[in-house]
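Listed here are the chains, written in short residue letters.
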Protein chains: 6
Amino acid sequence: MVSFRPSGRRPDEMRHVSLEPSFVKHAEGSCLVKFGNTHVLCTASLENQAPPFLRGSGKGWVTAEYGMLPRATQERTRREAAAGRQSGRTQEIQRLIGRSLRAVTALDLLGERQIIIDCDVLQADGGTRTAAITGGFVALHQCLSFMTGTRLIARHAIRDHVAAVSCGIFQAMAVLDLDYPEDSAADTDANFVFSGSGGLVEVQGTAEGAPFTDEQFAELMKLARQGATMLVSLQKEALKL
Amino acid sequence: MVSFRPSGRRPDEMRHVSLEPSFVKHAEGSCLVKFGNTHVLCTASLENQAPPFLRGSGKGWVTAEYGMLPRATQERTRREAAAGRQSGRTQEIQRLIGRSLRAVTALDLLGERQIIIDCDVLQADGGTRTAAITGGFVALHQCLSFMTGTRLIARHAIRDHVAAVSCGIFQAMAVLDLDYPEDSAADTDANFVFSGSGGLVEVQGTAEGAPFTDEQFAELMKLARQGATMLVSLQKEALKL
Amino acid sequence: MVSFRPSGRRPDEMRHVSLEPSFVKHAEGSCLVKFGNTHVLCTASLENQAPPFLRGSGKGWVTAEYGMLPRATQERTRREAAAGRQSGRTQEIQRLIGRSLRAVTALDLLGERQIIIDCDVLQADGGTRTAAITGGFVALHQCLSFMTGTRLIARHAIRDHVAAVSCGIFQAMAVLDLDYPEDSAADTDANFVFSGSGGLVEVQGTAEGAPFTDEQFAELMKLARQGATMLVSLQKEALKL
Amino acid sequence: MVSFRPSGRRPDEMRHVSLEPSFVKHAEGSCLVKFGNTHVLCTASLENQAPPFLRGSGKGWVTAEYGMLPRATQERTRREAAAGRQSGRTQEIQRLIGRSLRAVTALDLLGERQIIIDCDVLQADGGTRTAAITGGFVALHQCLSFMTGTRLIARHAIRDHVAAVSCGIFQAMAVLDLDYPEDSAADTDANFVFSGSGGLVEVQGTAEGAPFTDEQFAELMKLARQGATMLVSLQKEALKL
Amino acid sequence: MVSFRPSGRRPDEMRHVSLEPSFVKHAEGSCLVKFGNTHVLCTASLENQAPPFLRGSGKGWVTAEYGMLPRATQERTRREAAAGRQSGRTQEIQRLIGRSLRAVTALDLLGERQIIIDCDVLQADGGTRTAAITGGFVALHQCLSFMTGTRLIARHAIRDHVAAVSCGIFQAMAVLDLDYPEDSAADTDANFVFSGSGGLVEVQGTAEGAPFTDEQFAELMKLARQGATMLVSLQKEALKL
Amino acid sequence: MVSFRPSGRRPDEMRHVSLEPSFVKHAEGSCLVKFGNTHVLCTASLENQAPPFLRGSGKGWVTAEYGMLPRATQERTRREAAAGRQSGRTQEIQRLIGRSLRAVTALDLLGERQIIIDCDVLQADGGTRTAAITGGFVALHQCLSFMTGTRLIARHAIRDHVAAVSCGIFQAMAVLDLDYPEDSAADTDANFVFSGSGGLVEVQGTAEGAPFTDEQFAELMKLARQGATMLVSLQKEALKL
């Protein structure tokens, strides 16, 4: 049977995913994550100071920043540093990544420190934010292992895995892990973030065309859960857990 | 029975909602919307030019901007104009409002024009974005009526109502229409945008503490649908439809 | 006799003025001031820190910020937060409001604290800066009453009232309290700020067309004094003094 | 009799004023103006395009920009280009200079062109804005002579002189042309802009301490008129009119 | 004999250099260049419009932009997009890259088009600007081949190779291709850009400590020429020329 | 023989150079430097605080800022304060001036203080950065004399002179001290910074057209050394050393 998906995938088939930990030299943790042609470099940087709102609390923080190289996209995008401000899209994505990673981290174990997860898209083909969460988790895990290894903290502060994937209604069918051609033509587009134990961490669904029904949304969520389960396995493999 | 909600409301009880159309003099449409102590002034401004990416397409656009007066909040917030940039939160909210309103507008009926919905929070007590969508719809509807009334367009371009409400898990119970004390203590917090015919336009759920289950999420969605139905009735009343 | 003023007012007649104190919930002081169709929301926010140049002096400060909602005006104005900077006009106005309010406040009674008066124009029809000063005084007075009421300060730090009104030469006649149609056609336009005891706090006159004479200026000043006397009465009424 | 003024001047005595036209090589007009130790370099630049709001009107425009070299002041001031924005004070001053010069220029004779008057303070000792208006007039006049000389315009577009000076209440006495030590200690401080024929173009008075009376204000205005008359003579001399 | 260089290299020994063309999918040309642990991703983007100053000239332009991923460095560097401006260092480097590449491009053969070379440092260990020029040339060459291949231009617009390398006085000895430990301890530090035919395109030498002599400078230049010759061979190999 | 240089100078002839120390009143050091029609006002400002990276080190710092008055140039340049950012050219120049002056200053004798050298171009005709270094040295020297005179520091912290001049290949000939017409037509353009004892502090050469040879570069360096020797004599004269 011929697939209706531009990539030839089955509706419930993810792109080839790879997670390459320790990709760069200086960072306390790092991972090059690929969801097909979407490539994101995630690094974790440890800073010995918590953000101002936590001073004196004894707690730490995990935050994320997101960027795209100008020619990660089909058409070159203007460099945000040259434009002098980060777009709304950039800020929305980095807030999502930060919330997702904090949801599985025991912030009270960190001491007054901050871990910054930088997610920079080297090549984009849809799903950069879900790849960033999935790979960012690996970088964060490495950073926390570094902290226990150097006795900065007594216990590893990761409480569970976290992984993310997109789904959508493409040509009236629910499909898993949208690539760019699907993403730009989908009627509905949703991002799901799951914990390793299957709980929902974030859900974001948007009707691009007609509103969607509860049933359609449930179908997307089911597909997403399958994808996330697979991503968690890959994380475990990459981290040799 | 004593309520566990700080406001004394039942779990499925919304705050007192009012919609006051034509609140200001100059705008083509306007509405002061109140969800309890949350007060948002929404105006619709017609511009005779579409944004650059639509030039030559014959289509129009609806976009939104969001702001808070500095002392809308318990602690004064720094004026974004003085800070020189809009926060990530502001940008995220105005993107959500814009998408929600476009979902029910026939953009191809507008001609190459743009309608800007400004949503300015005069007083904040939780749920400003859902109030803004609900009241912004009224301002937009008025503006489109102005356009048909002055024969700028042949047919009214609203295809359906759109209304929004938040829900959350507060003290282990699903509750409708979070106010600020609930919002800041909730485990899970979700915003739902529904069309008048009951379709889902946007869904955004976030686990503030522990991840949530599919069942919990379904319960929130059900409560939200009840709230949205009521909001649509109030919109009809306000617009005398 | 038919008036030559677009509004039908006599030359020495102000627009209907109202002062609505305690308009919002969170601020230490607030007032919705209306000069006819010009509506400005003024709030006073107490901050427990003086600006850097006063550290160690034992004195406090009063400052003002001014903004316009985008559709307060006939044509929508671009949001300054989106533009990334405050215009020269905005800065000039907020400096004027701040100086005027400081002129009647005993700053040495405040301790090292700052009161910020935010003046946000909900609807503009000429004279927004004079309305802001007049209403800002009410918000400031409430804030100082709050401070004495909560024993933050021993004595109320207001030394006198302050109120402001514009005058101009319209169709060769001196008129009081210009509205927008007059303001945009006037030859000369002046703003006067008076203390409650009739002293001059600020005077700003500008020839829009031909230069004006000393006699014309004296006439404008006389009209303005009448207006200010009335505004001070309304302030007393609003504050139940 | 010993003067009470720090500089030893009589109450109605201006500082030594000099106007040096054609101070720089490239500009269409220029003047180094000195009011005692206040030195301002004014240049006039002709641009063959009017600002957007005049396109198609056939009219021209005169505008001004103002800056201070960082060490024009006793303490070094941060460079505004490095700070990334012009202060409120800078914007207020450049708006005043522009309005004053436009008041004596026949803008409809300019064609759709713009003249920019740049006023840069090389050394500051009080009264920089009044020096800038007085010297800016000379630069503007030269630029208009250049335009008639090169037949860009048929008639010289200057309709009258314009000159400015400050006055203030210093140690309970009205004095002319405040220098920095007087300015920083004055109770009241006012700037007056006069046309060559003695009309008022701008009046700005501010009570720094106690409010001032009508009589005091009239006295300041009288002193200022004397100073302006002298400045106009110096302009004529400098321009060989 | 034991080397005095931290890396164990001989004075005239470069780090291992690799050039990986076509590293990313979307760009018209690209190259991942590595000088040891310094890794820079260079992409070439073709735009069908020349910059404004060339409109109507029939000529094209080549420009460069430079950036560092936040954790390319030992300590995390703040993201310039978040800071809202590019540093002086960034601007200086991107101007150097642009000038160097333009020096070997026949701009009049491009038509009114622009090629943007983006150089993004994935990992930094000294010499990022020289690596960027060397790898940027490969990306530019690919882009021009794409343009001849698709008949956008008739002839390949590269006139010569261009390659760059740094030298310095480290522990009183002239050494080739400084890595970060050498760079931060060197007395003198110089960057040389050579054409393929051995001409000098750019020379920049800086005394970090004591001034240097003509003889020392000549020695650095000689070493640099050797390095550049080798880099040009690698470029030819990578491009299969 | 008729010169081929637009100014009629011999190839090795500098423009008329003058150094006028103590040009302004407030600064701890100042100098108006003229290289022909290039006029730069340099001031030295002492600040009683070192930059953050030196806190606790006991050392001081010298830095420079550079600006151009808008009409220093033939065509008016937009004011950087109005544009909201300093150009890459400005930043590159001010970094060069700062490095050059630091190279001859004993920073460890300054205590934790900073000296800021502001270089503002009043009139530009080529060579503004070399004039700024040469005149900036005079301002810096005066500031250090002020510091020893007031016993802030025990010993004068200048270790050697520093002076700068440009050279270039103009009409195939090496010439000294390019003016604007030469600079804009030169094939190669180089700036040299020498210490008083003849050492090289900075060398920057750029091929504007064809690459240049080692021999050409040596010739430029020789000419520059002659020019710098003369500039150092003028500095001594100006400072009465």
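Shown above is the structure to which this text applies.
Figured I'd write up the structure that's included with this text. Numbering of residues starts from 1 in every chain and runs along the sequence as written. Each chain takes a letter, starting from A, and each ligand takes a number, starting from 1, following the order in which they are written. In keeping with the predicted nature of the model, local features appear solely for residues at pLDDT of at least 70, side-chain atom pairs appear and are counted solely at 80 or more, and the whole-chain, interface and lining totals rest on all residues. Calculated side-chain values reflect all of the structure's heavy atoms, with hydrogen atoms and water omitted.

**Section: the nonpolar core**
Working definition of a nonpolar core: buried Ala, Val, Leu, Ile, Met, Phe, Trp, Tyr and Cys residues. They are joined through side-chain atoms within 4.5 Å. Per-residue accessibility, obtained with a 1.4 Å probe over protein chains only, is compared with the maximum for each type, and a residue is labelled buried under 20%, exposed over 50%, and partly exposed between these values. Membership of the largest hydrophobic core comes to 148 residues, with the highest contact counts inside it found for A:I115, A:F192, A:F217, B:I115, B:F192 and B:F217. Whether two residues are in contact is decided by their heavy atoms: any pair within 4.5 Å suffices. A:F217 has contacts with A:A190, A:F192, A:V203, A:G205, A:F212, B:L200, B:V203, B:F217 and B:M221, leaving out every residue within four places of it along the chain. Grouped together as the second largest cluster of nonpolar side chains are 137 residues, E:L176, F:V40, F:L176 and F:A224 included.

**Some words on the packing of aromatic side chains**
Pairs were defined over the aromatic rings of Phe, Tyr and Trp, the Trp ring being its six-membered one, requiring ring centres within 6.5 Å. Orientation was assigned from the angle between planes: stacked under 30 degrees, edge-to-face over 60, tilted for the rest. Enumeration over the complete set of coordinates arrives at 33 aromatic pairs over all chains. Between F:F192 and F:F217, the ring centres sit 5.7 Å apart and the planes meet at 40°, which makes this aromatic pair tilted. Here F:F192 is found in strand β8 (residues 188–195), whereas its partner F:F217 is found in helix α5 (residues 214–238), with 25 residues between them in sequence. Summarising the burial analysis for this pair, F:F192 and F:F217 share the class buried. Within the aromatic cluster, the residues linked to one another by ring pairs are A:F192, A:F194, A:F212, A:F217, B:F192, B:F194, B:F212 and B:F217. Numbering of helices and strands starts at the N terminus; helices are DSSP runs of H or I of at least 4 residues and strands are runs of E of at least 2.

**Side note on unusual backbone geometry**
Despite not being glycine, B:S22 shows a phi value in the positive range, around 55°. Position of B:S22 among the secondary structure elements: in the loop between β1 (17–21) and β2 (29–35).

**Concerning the relation of the copies chain B and chain C**
Least-squares fitting of one copy onto the other uses the C-alpha atoms of those residues that reach a pLDDT of at least 70 in both copies. Superposing chain B onto chain C requires a rotation of 180° together with a translation of 0.0 Å along the rotation axis, leaving an RMSD of 0.0 Å. The operation mapping one copy onto its partner corresponds to a two-fold rotation axis. Counting the interface residues of chain B, we find that 100% of their copies in chain C are interface residues as well, pointing to one common contact surface.

**Considering the arrangement of the chains**
The two units chain A and chain D never meet; even their closest C-alpha atoms stay 11 Å apart. Contact between chain B and chain F is absent, and the minimum C-alpha spacing across the pair is 11 Å.

**Remarks on the interface of chain B and chain C**
Each partner contributes to the interface: chain B provides 38 residues, whereas chain C provides 38 residues. Across the chain B/chain C interface, buried area totals approximately 2800 Å², and carbon plus sulfur atoms make up 50% of it. One side-chain nitrogen of Lys or Arg within 4 Å of one carboxyl oxygen of Asp or Glu is enough to make a salt bridge. The interface formed by chain B and chain C includes 12 salt bridges. Where C:D118 meets B:R76, a salt bridge forms, and the shortest distance between an N and an O atom there is 2.6 Å. The quantity reported as buried area is the accessible area (1.4 Å probe) lost by two parts once they are put together, taken as the sum for both.

**What to know about the environment of E:A174**
Mapped onto the fold, E:A174 is located in strand β7 (residues 173–176). For the pair E:A174 and E:Q91, spaced 83 residues apart in the sequence, the C-alpha separation amounts to 28 Å.

**Here we look at the sheet that holds strand β2 (residues 29–35) of chain A**
Residue and element names in this part refer to chain A. Strand order in this open sheet of five strands is β1-β2-β3-β5-β4, and the pairing throughout is mixed. Taken across any chain shown, the strands that pair with only one partner, and hence form the sheet edges, are β1 (17–21) and β4 (61–68). Averaged over all pairs of adjacent strands, the angle between their axes in this sheet comes to 20°, without regard to strand direction. Axis lines are fitted to C-alpha atoms, over the contacting stretch for helices. Their N-to-C directions set the angle, which ranges from 0 to 180 degrees. Along the sheet, helix α2 (residues 88–102) makes contact with β4 and β5 (114–123), crossing β4 at roughly 145°. Strand pairing follows a simple DSSP-based rule, namely that at least 2 bridges must link the two strands.

**Comments concerning the pattern of salt bridges**
All names here are of chain C. Within this structure, the stated rule accounts for 102 salt bridges over all chains. Among the salt bridges present, the one from R9 reaches E182, with a minimum N-O distance of 3.6 Å. Note that R9 is positioned in the segment before β1 (17–21) and E182 in helix α4 (residues 180–183), a separation of 173 residues in sequence. By relative accessible area, which is 5% here, R9 ends up buried.

**Some thoughts on the sheet that holds strand β1 (residues 17–21) of chain D**
All names here are of chain D. A sheet is described by the order of its strands in space; here five strands give the open sequence β1-β2-β3-β5-β4, paired in mixed fashion. Two strands bound the open sheet, and with one partner strand each, they are β1 and β4 (61–68). Neighbour to neighbour, the strand axes of the sheet diverge by 20° on average, direction disregarded. As judged from the seven bridges shared by strand β2 (residues 29–35) and strand β3 (residues 38–47), these two strands associate in the antiparallel manner. Of the residues in β3, the one forming a bridge with C31 is C42. Contacts between helix α2 (residues 88–102) and the sheet are confined to β4 and β5 (114–123), with β4 contributing the most and set at about 145° to the helix. Contacting β1 and β2, helix α5 (residues 214–238) runs over the sheet at an angle of about 30° to β1.

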